[in-house]
Amino acid sequence: MGHHILYSVHRNPQKDADGNETYHIRHEARGTLGLKFLQEHLKTYQRIQPEVLNSAFYLLSQELVHQLTDNYRLQIEGIGTFYLKLGFCQKIDENGNPYTPKFTDPTEASPLARLHV
């Protein structure tokens, strides 16, 4: 059975230089599968020992964190490219609601950046 990539078409919020609407496509994932699913799937269909798989995942995750926090992207052919994602830490307003601060002065933003690995 063949695989069919699910996608949808979305209008961009800004028009192009000539004032025309532009569009982009976005992948429509059916959900997120976790490590447990992958381990069971590989054990069942690829006949790999769980201990070997767990060791490989552990070592790979440790190495990814090491290289990413040393300011490298890491490309693993056939899997993808791993890179850091940066953002601002959420704050809590006077009503207890979380919000992400916005800045007009870049010197105010730097100390509040957060790191996702």
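Scroll up to find the structure.
Thresholds, definitions, all that
Residues numbered from 1 in each chain as written. Predicted model: local features only at pLDDT ≥ 70, side-chain atom pairs only at ≥ 80, totals over all residues. Heavy atoms only, no water. Helix = DSSP H or I, 4+ residues; strand = E, 2+ residues; numbered from the N terminus. Rg over C-alpha atoms; globule rule 2.2 N^0.38 Å. Contact = heavy atoms within 4.5 Å. Areas by Shrake-Rupley, 256 points an atom, 1.4 Å probe, with all protein chains shown as cover. Lys, Arg positive; Asp, Glu negative; His and termini not counted. Charge placed at Lys NZ, Arg CZ, Asp CG, Glu CD. Buried < 20%, exposed > 50% of the residue type's maximum accessible area, 1.4 Å probe, protein only. Patch = residues over 30% accessible without salt bridge, like charges linked within 9 Å, V, L, I, M, F, W, Y side chains within 5 Å. Salt bridge = Lys/Arg side-chain N within 4 Å of Asp/Glu carboxyl O. Polar contact = N/O pair within 3.5 Å; in protein donor to acceptor, adjacent residues only side chain to side chain. Axes fitted to C-alpha atoms, helices over the stretch in contact; angles between N-to-C directions. Parallel < 35°, antiparallel > 145°, perpendicular 65-115°, else oblique. Left-handed = near helix turned anticlockwise from the far one by under 90°.

(A) Structural detail: the overall build of the chain. A tally of regular secondary structure across the chain gives three helices and eight strands. Reading the chain from its N end, one meets helices and strands in the order β-β-α-α-β-β-β-β-β-α-β. Here the C-alpha radius of gyration of the chain, 21 Å, is well above what a compact globule of 117 residues would show, namely 13 Å. In terms of principal-axis extent, the alpha carbons of the chain reach across some 55 × 40 × 35 Å. By sequence separation, contacts in the chain at least 24 residues apart represent 23% of the contacts at least 6 residues apart. When the accessible area of the chain is evaluated, it comes to approximately 10,700 Å², of which 54% is carbon and sulfur surface. Here the chain holds 12 positive side-chain charges and 13 negative ones, and the gap between their average locations is 7 Å.

(B) Spatial organisation of unusual backbone geometry. Phi at R47 is positive, roughly 55°, even though this residue is not glycine. Look at R47 and you get exposed, because its relative accessible area is 69%.

(C) Here's a closer look at the environment of I76. The topology assignment puts I76 in strand 3 (residues 74-76). Once residues within four sequence positions are removed from consideration, I76 is found in contact with L60 and F82.

(D) The arrangement of a nonpolar patch on the surface in detail. Taken together, the side chains of Y7, V9, Y23 and I25 make up a nonpolar region of the molecular surface, amounting to roughly 500 Å² of accessible area. Sorting the residues of the nonpolar patch by element identifies strand 1 (7-11) and strand 2 (23-27) as the ones contributing at least two each.

(E) Seen up close, the side chain of S8. Turning to its location among the elements, S8 is positioned in strand 1. Within polar-contact distance, the side chain of S8 engages the side chain of H10 at 2.7 Å. Of note is the side chain of S8, whose polar atom sits 2.3 Å from the side chain of E28. Excluding residues that lie within four positions of it along the chain, S8 makes contacts with H24, I25, R26 and E28.

(F) Structural context of the packing of helix 1 (residues 35-46) against helix 2 (residues 50-68). Between helix 1 and helix 2, the shortest axis-to-axis distance is 10 Å and the interhelical angle comes to 140°. Here helix 2 runs oblique to helix 1, going by the angle between their axes. Considering the relative orientation of helix 1 and helix 2, their crossing is right-handed. Across the interface between the two elements, L35, L38, Q39, L42 and K43 of helix 1 pack against P50, L53, N54 and F57 of helix 2.

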